[in-house]
Amino acid sequence: MPKTSVERGRTVRTYRKRHVLVMVHTDGTQITEKKIGNAIIQSILSLYGELTVAMSRFFIDSYDESTGVCIIQCNSSVVDNVLTAMSALSEINGCEVSLDPKRTSGTIKGLLRRSPRR
Amino acid sequence: MGLVDLSVRIESMDLLDRFTLMARSLRISGFATTCPLDTPITFRDNVSVYARTNLQLRSIDELRVQARRARERSVVVAIALGTRQTVAWAATDPNVDLITVDPYARECIMHRPVARLAADNDKLLEIQIQPLLKTTGLERSRILKTLRSNLETAVEVGMKPVISSNASTPTQMRSSAALRFIGKLLSSDEELLQCAVDELPNETVRRNLDRHL
């Protein structure tokens, strides 16, 4: 599916993004953003298959290794699948992890503005 | 009140602080563990630690005595889903709270009449997510099949499920939101999952603490 299409001369987005704030808890080992991204994609692939990986448009916006705060973006139609795959992830390259989805928003600005809640 | 995790495996009391630290960062208000505690409930860093006993599968008479003793010193008493006779006994015994699905024992399944009996006596079906986290591929799909079929049978006859982590390390613990998302692998009923993760574990602990007080 194309990211945008032209309707009546205007460019419109054909899918909606969701940004999710995730807390990454580890056993003390530092993990890079790339490794987390790859592990989440592998988990989506294992649980839901290639089609969902393709549809997910999964991307890590930012990850702070010192605090464990990670912001991801994905397609809103499969956000639940992405969060399930993320929650089911227990290990990245031999390091035990627990990924805790905190909150979801349509924009990063909204995600950071909103008061912390479940 | 935050999440109460009904099953956490702590091998020694020295590790308790690591679990309570993780529980606090995941906003878990309390958890039940089989680790020997002096009292049925202990408070550590604003986290309640409840004593739990897993009944060992033996004869019915032995189980009856074991359950009565466990009730006196534990807040949560559970038994693994075993033979039909054992589960039928557990379904009616007032000292048992949870019937735990063992996803590796595929021959031990929840039969509809026993599930109905358990539902009538307010017993809960406990589903532990730890095997789902530790496996991948075909092995995980087999576990999913076992868990889903037991859950389906239980829900059909009105038996309520609870979801617990059965974590053996702090990083295997999961927050309420993460448990609900993992629960979506087993059921798409959001209301059922909310109840299984947030409400029923709290209710079970509160009810049993009232018995102890």
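Predicted model, so just to flag it, every value in this text is computed and none were measured. (Residues numbered from 1 in each chain as written. Chains lettered and ligands numbered in written order. Predicted model: local features only at pLDDT ≥ 70, side-chain atom pairs only at ≥ 80, totals over all residues. Heavy atoms only, no water.)

A few words on the nonpolar core. One finds Ile72(A), Phe31(B), Leu55(B), Ile99(B), Met159(B) and Met173(B) to be the most contacted residues of the largest nonpolar core, which totals 84 residues. Leu55(B) has contacts with Leu63(B), Gln66(B), Ala67(B), Ala70(B), Val77(B), Ala78(B), Ile79(B), Trp89(B) and Val96(B), leaving out every residue within four places of it along the chain. Counting 13 residues, the second-largest nonpolar core is a separate cluster that includes Val4(B), Leu6(B), Leu124(B) and Val205(B). (Core = buried A, V, L, I, M, F, W, Y, C linked by side-chain atoms within 4.5 Å. Buried < 20%, exposed > 50% of the residue type's maximum accessible area, 1.4 Å probe, protein only. Contact = heavy atoms within 4.5 Å.)

Let us now look at the interface of chain A and chain B. When the parts come together, some accessible area is lost, and that loss is often what is quoted as the size of the interface. Taken together, the 22 residues of chain A in the interface contact 23 residues of chain B. Carbon and sulfur atoms make up 50% of the surface buried where chain A meets chain B, a total of about 1,800 Å² over both sides. Here chain A and chain B share two salt bridges between them. Note that Lys184(B) and Asp80(A) form a salt bridge whose closest N and O atoms lie 2.8 Å from each other. Taken together, chain A and chain B are joined by eleven residue pairs in polar contact (both at pLDDT 80 or more). Among the secondary structure elements, those contributing two or more residues to the side of chain A that touches chain B are strand E3 (17-26), helix H1 (33-48), helix H3 (79-87) and strand E7 (95-105) of chain A. (Buried area = accessible area lost by both parts, 1.4 Å probe. Salt bridge = Lys/Arg side-chain N within 4 Å of Asp/Glu carboxyl O. Polar contact = N/O pair within 3.5 Å; in protein donor to acceptor, adjacent residues only side chain to side chain. Helix = DSSP H or I, 4+ residues; strand = E, 2+ residues; numbered from the N terminus.)

Per the counting criterion, the structure on display carries eleven salt bridges over all chains. Across the salt bridge formed by Arg52(B) and Glu126(B), the nearest N and O atoms sit 2.9 Å from each other. In this pair, Arg52(B) is assigned in strand E4 (residues 47-55) and Glu126(B) in strand E7 (residues 124-128), connecting sequence segments 74 residues apart. On the basis of relative accessible area, Arg52(B) is assigned to the buried category, the value being 4%. Between Arg71(B) and Asp97(B) there is a salt bridge whose closest N-O contact spans 3.2 Å. Placement of the pair is Arg71(B) in helix H2 (residues 60-73) and Asp97(B) in the loop between helix H3 (84-92) and strand E6 (98-100), with a sequence separation of 26 residues. On the basis of relative accessibility, which here comes to 9%, the residue Arg71(B) falls in the buried class. A cluster of three or more residues bridged by salt bridges with shared partners is formed by Asp80(A), Lys184(B) and Glu190(B).

All names here are of chain A. Within E7, ten of the eleven residues are buried, which leaves it mostly tucked inside the rest of the structure. Judged from the eight bridges that link them, E3 and E7 form a sheet pairing that is antiparallel. Residue Thr26 lies in a different strand from E7, and its bridge partner there is Val97. Remark: two residues form the turn of the hairpin made by strand E6 (residues 91-92) and E7, two consecutive strands paired antiparallel; Asn93 in that turn has positive phi of roughly 50°. (Pairing = 2+ DSSP bridges.)

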